[in-house]
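Breakdown of the fold
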Amino acid sequence: MSIDHIRPVGPRTLAARAQAASALSGALRGAVAAGSVRRVVCLVPDPHARFAAVELSAEYFVDTALTSGYGMCAYVFGWNPARQAVNASAVDQFLGGYGDLRIRPDLATLTPDGPDTWLVVCDVEWPDGRSVPEAPRTTLREQVVMAEKLGLVPSVGIEHEVTFTSPDGVPLTSGGLDYAVGGLSPMSGLLGDVRTALDGLKLGVESARGECHPGQFEIVQRHRDALAACDDAMLHQLVIRRVAAEHGVRAGYLAAESSGAGGSCHVHLSLSDPSGVSLVAGARPEQMSTLFGHFLAGVLRAAPDLTAFWAPTWNSYVRLRTSPFSPRSLRWGSDDRTAAVRLAGRGPSLRMEARFAGADAQVHTVVAALIAAGLSGVEERLDPPAENKLVGDLARTPWEALQRLSGSKLAVALLGQAVVDHRVAMMAEELDAGLEATNSWHRERGDLRA
């Protein structure tokens, strides 16, 4: 029995997602009964832009986990990138006794992973059924709910830049690859296997190309509902990293592999009504509607305070400070890749491209923050600034980002105290870890004093 898991292109309401999940439930049960599905891997997005996973037998999944959920240690939301517990009051609830959360599979995310294994992305809740707002997928879902209450359905396209290097960080090509053809030859075997693996997922790649820095490649998804866009971007990363490892290569999603070499997560975002009619274009096909102008104004207003979501690591600030196309200053422009927000397309395809986030950012929280900020502009009817007018700056250092977020009443109003406190805790741990480490830069700097 086949399982038709293809993601629909364009906007999709939460109700339509639920209908798709219900239909997939029957198809999955039939495939399990027929013996064509043997395992289901449950995936939960963590705060560090990766999945926590547990593999279940397919029979147990459909008999028990699908209806009753399954346990996953709560500390996945209280750990650092090294999977060590973070010492902060904002994460204590996830570490006390190291008990379980319940994971709840979202069958609208079903994705094949080989001949008899399927992947499914899950939400989480406390054992008593309470939601976990700090979980990135919950943060995003709640913002989609808020948008739909206003009659707005976001759709999103994600551009992720990956840099392929040797295990010790040397790019596989010595020069930039922007729109290259022959220049990709040193990576042809690797990229061929990446394409095959992504085709196997059947998640809808729009395009792929060489990017402007050594060893860099960009994968662009077709636009889809916000949850699917973020889940699928992470599924792409999972598979690309796996293929790279099979080739003895590192797939890097740093914000800056080196000074001046930015790696980004650009988010294309548009709004529709529940029937799928775009609400972005105004009287002329290249002009924003009044509503989308309000949305854009909200994004630009909140962007400085939310820098810690766009730029969550030490490395993020190498990109923001040195990469020539990084969005240090805030302005919007029509088809302008030097602007922090680019207005792209025309008519039904008109959309914003938010260029804030680095490739290291947690994509669910990035999109959640964009939607929350934009909705505030809609609710308050904020007027957008004139095109190309500078209206502020992102934080230039991680300390400034932490200070802005921890003192921001706007961020709390947009995302809630729990989400803000959690990001503050993770950012503070990132700073502490960096200040307690010794690396090659320290040694080189020290040798200059000899």
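Now for a look at the structure at hand.

Rules behind the numbers
- Residues numbered from 1 in each chain as written.
- Predicted model: local features only at pLDDT ≥ 70, side-chain atom pairs only at ≥ 80, totals over all residues.
- Heavy atoms only, no water.
- Helix = DSSP H or I, 4+ residues; strand = E, 2+ residues; numbered from the N terminus.
- Expected span 1.5 Å × (residues − 1).
- Buried < 20%, exposed > 50% of the residue type's maximum accessible area, 1.4 Å probe, protein only.
- Arc of directions from axis to C-beta.
- Contact = heavy atoms within 4.5 Å.
- Salt bridge = Lys/Arg side-chain N within 4 Å of Asp/Glu carboxyl O.

**Looking at helix α4 (residues 136-149)**
Between the first and last C-alpha of α4 there are 20 Å, a value that for 14 residues agrees with the 20 Å anticipated at 1.5 Å per step. Regarding α4, the residues found buried are Pro-136, Arg-137, Thr-138, Thr-139, Leu-140, Gln-143, Val-144 and Ala-147.

**As for helix α2 (residues 58-68)**
An α-helical turn contains 3.6 residues, so a residue and the one three or four places further along point in the same direction. Along α2, the positions that sit buried rather than exposed are Ala-58, Phe-61, Val-62, Ala-65 and Leu-66. Buried residues of α2, viewed axially, fall in a sector of 130°; they line one side. Summarising the geometry of α2, the exposed residues directed more than 90 degrees from the buried face are Asp-63 and Thr-67. Buried residues along α2 sit in contact with α1 (14-34), β1 (39-45), β2 (51-57), β3 (70-73), β4 (100-105) and β6 (117-125). Looking one or two residues beyond α2, the residue adopting positive phi is Gly-69, at roughly 80°.

**Let's talk about the pattern of salt bridges**
Summed over all chains, the structure comprises 28 salt bridges. As a salt-bridge pair, Glu-286 and Arg-346 come within 3.8 Å of each other at their nearest N and O atoms. Within this pair, whereas Glu-286 is found in the loop between β14 (265-272) and α7 (290-302), its partner Arg-346 is found in the loop between β16 (341-344) and β17 (351-354), the two being separated by 60 residues in sequence. Linked by salt bridges that have partners in common, Arg-12, Arg-17, Asp-106, Asp-123, Arg-137, Arg-141, Asp-225 and Asp-231 make up one network.

Any functional reading would require information that these geometric values do not contain.
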